[in-house]
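# Tertiary structure, described
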Amino acid sequence: SVNKDISVVFVLGGPGVGKGTQCSKLVKDFKFKHLSAGDLLREEQNKEGSQYSQIIRQHIKDGTIVPQEITIQLLKKAIIGNQEEYQKFLIDGFPRKMDQAVIFEEEVIPAKLTIFFDCSKDVMLERLLERSKTSGREDDNLESIEKRFDTFVKTSVPVIEYLDKSRHIVKKIDCSKTVDEIYADVKKAMKDII
Ligand code: UP5
Ligand code: MG
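About the thresholds
Residues numbered from 1 in each chain as written. Chains lettered and ligands numbered in written order. Predicted model: local features only at pLDDT ≥ 70, side-chain atom pairs only at ≥ 80, totals over all residues. Heavy atoms only, no water. Buried < 20%, exposed > 50% of the residue type's maximum accessible area, 1.4 Å probe, protein only. Helix = DSSP H or I, 4+ residues; strand = E, 2+ residues; numbered from the N terminus. Contact = heavy atoms within 4.5 Å. 1 Å grid on protein atoms, 1.4 Å probe; cavity = no way out; pocket = protein on both sides within 12 Å on 5 of 7 lines; lining within 4 Å. Points joined across faces, edges and corners; volume = space filled by probe spheres on them. Nonpolar A, V, L, I, M, F, W, Y, C, P; charged D, E, K, R; others polar. Near = heavy atom within 4 Å. Polar contact = N/O pair within 3.5 Å; in protein donor to acceptor, adjacent residues only side chain to side chain. Areas by Shrake-Rupley, 256 points an atom, 1.4 Å probe, with all protein chains shown as cover. Sits in = over half its atoms within 2 Å of the grid points. Phe/Tyr/Trp six-rings, centres within 6.5 Å; stacked < 30°, edge-to-face > 60°. Lys NZ or Arg CZ within 6 Å of the ring centre and 35° of its normal.

It is worth spelling out helix 2 (residues 37–45) at this point. Burial analysis of helix 2 places seven of its nine residues in the buried class, which makes it a mostly covered element. Within the span of helix 2, buried status applies to Ala-37, Gly-38, Leu-40, Leu-41, Arg-42, Glu-44 and Gln-45. Looking at the buried side of helix 2, the elements it contacts are strand 2 (32–36), helix 3 (53–62), helix 4 (68–82) and strand 3 (88–92).

Inspection of every chain in the model, using the stated rule, returns one cavity of 30 Å³ or more. For the largest cavity, the calculated volume is near 60 Å³. Forming the boundary of the largest cavity are Leu-12, Gly-13, Lys-19, Gly-93, Pro-95, Arg-96, Phe-152, Ser-156 and Ile-160. Of all the secondary-structure elements, those providing two or more residues to the lining of the largest cavity are strand 1 (7–13) and helix 7 (142–167). Among the elements that line the lining of the largest cavity, the one with the most residues is helix 7, at three residues. Split into classes, the residues belonging to the lining of the largest cavity amount to four nonpolar, three polar and two charged.

All right, on to the site of ligand 1 then. What surrounds ligand 1 is a group of 32 residues, the closest being Thr-21, Thr-64, Val-66, Arg-131 and Arg-148. Here an oxygen atom of ligand 1 sits 2.7 Å away from a polar atom, N or O, in the side chain of Arg-148. Within the complex, 86% of the 1000 Å² of free accessible area of ligand 1 lies under protein. In this structure the site holding ligand 1 corresponds to the largest pocket. For the shell around ligand 1, the elements supplying multiple residues, two or more each, are helix 1 (19–29), helix 2, helix 3, helix 6 (121–135) and helix 8 (179–189). If one sorts the elements of the shell around ligand 1 by residue count, helix 2 sits on top with four residues. The class makeup of the residues in the shell around ligand 1 is 11 nonpolar, 12 polar and nine charged.

A separate point is the layout of surface pockets. For the largest pocket, the calculated volume is near 860 Å³. The wall of the largest pocket is formed by 43 residues, among which Gly-16, Lys-19, Arg-96, Arg-137 and Arg-148 lie closest to the centre. At five residues, the largest contribution of residues to the lining of the largest pocket is made by helix 2. Of the residues that constitute the lining of the largest pocket, the class distribution is 13 nonpolar, 18 polar and 12 charged.

For the structure on display, the rule yields three aromatic pairs. Ring-pair connections join several aromatic residues into one group, and the members of that group are Phe-10, Phe-94 and Phe-104. Here the guanidinium or amino end of Lys-25 rests over the ring plane of Tyr-183, the centre of that ring lying 5.2 Å away. In this arrangement the basic side chain of Lys-88 is found over the ring face of Phe-32, its NZ or CZ atom lying 5.1 Å from the centre.

Note that every value here comes from positions in space, so none of it alone points to a role or purpose.
Below is the structure:
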């Protein structure tokens, strides 16, 4: 089971805001294990013989949220597999629906901190369209991107508000700046953990 002494940080924000980019920078400088829920789902989707391939592919294409039990199971397994080596975990792009947040914190581990990357939809869209030239991601097309934005606003923003109101653990960071400017703010926001 999950060791209750580890520290978990949720890294949240809209599609293309720069969650993965900032997590990669943290991992270079500090001993964090970076777990992107989206990456874990894409890996599971591509695993030969996985019973979840189809359902994951459909949700990712539609920009909707994969049933929580699949994602939580993948995250839990990844935490357990790394907790001997790592004490600190960045959980990137999760939780993004209320049931995920409640069940993960009850049954896996509560987060110590949430970093919320915030910027305008236009900036996120520009970043995703640029990335789409090389990413090969099945959801980096205008139609899927619009659906991802929609899910973010309707389903994921309420989770961030809940974490903020109930636990006061949300630090909001303006993500319209350069990668290095944002990173300086990230390090400030995380000073008690890094
Ligand atoms: N870039 C980054 N920062 C920049 C900056 N400051 N200035 C200029 N450019 C910047 O960055 C995106 C692009 O922008 C890159 O090209 C980068 O170089 C540039 P990135 O760091 O990749 O952004 P990120 O926020 O990680 O974007 P991502 O597309 O990964 O976010 P999503 O939240 O949309 O995707 P995720 O992989 O988390 O989820 C995908 C899907 O999986 C979801 O839509 C959903 O269907 C499913 N999912 C679930 O069902 N459940 C979950 O719990 C999680 C995911
Ligand atoms: Mg990402």
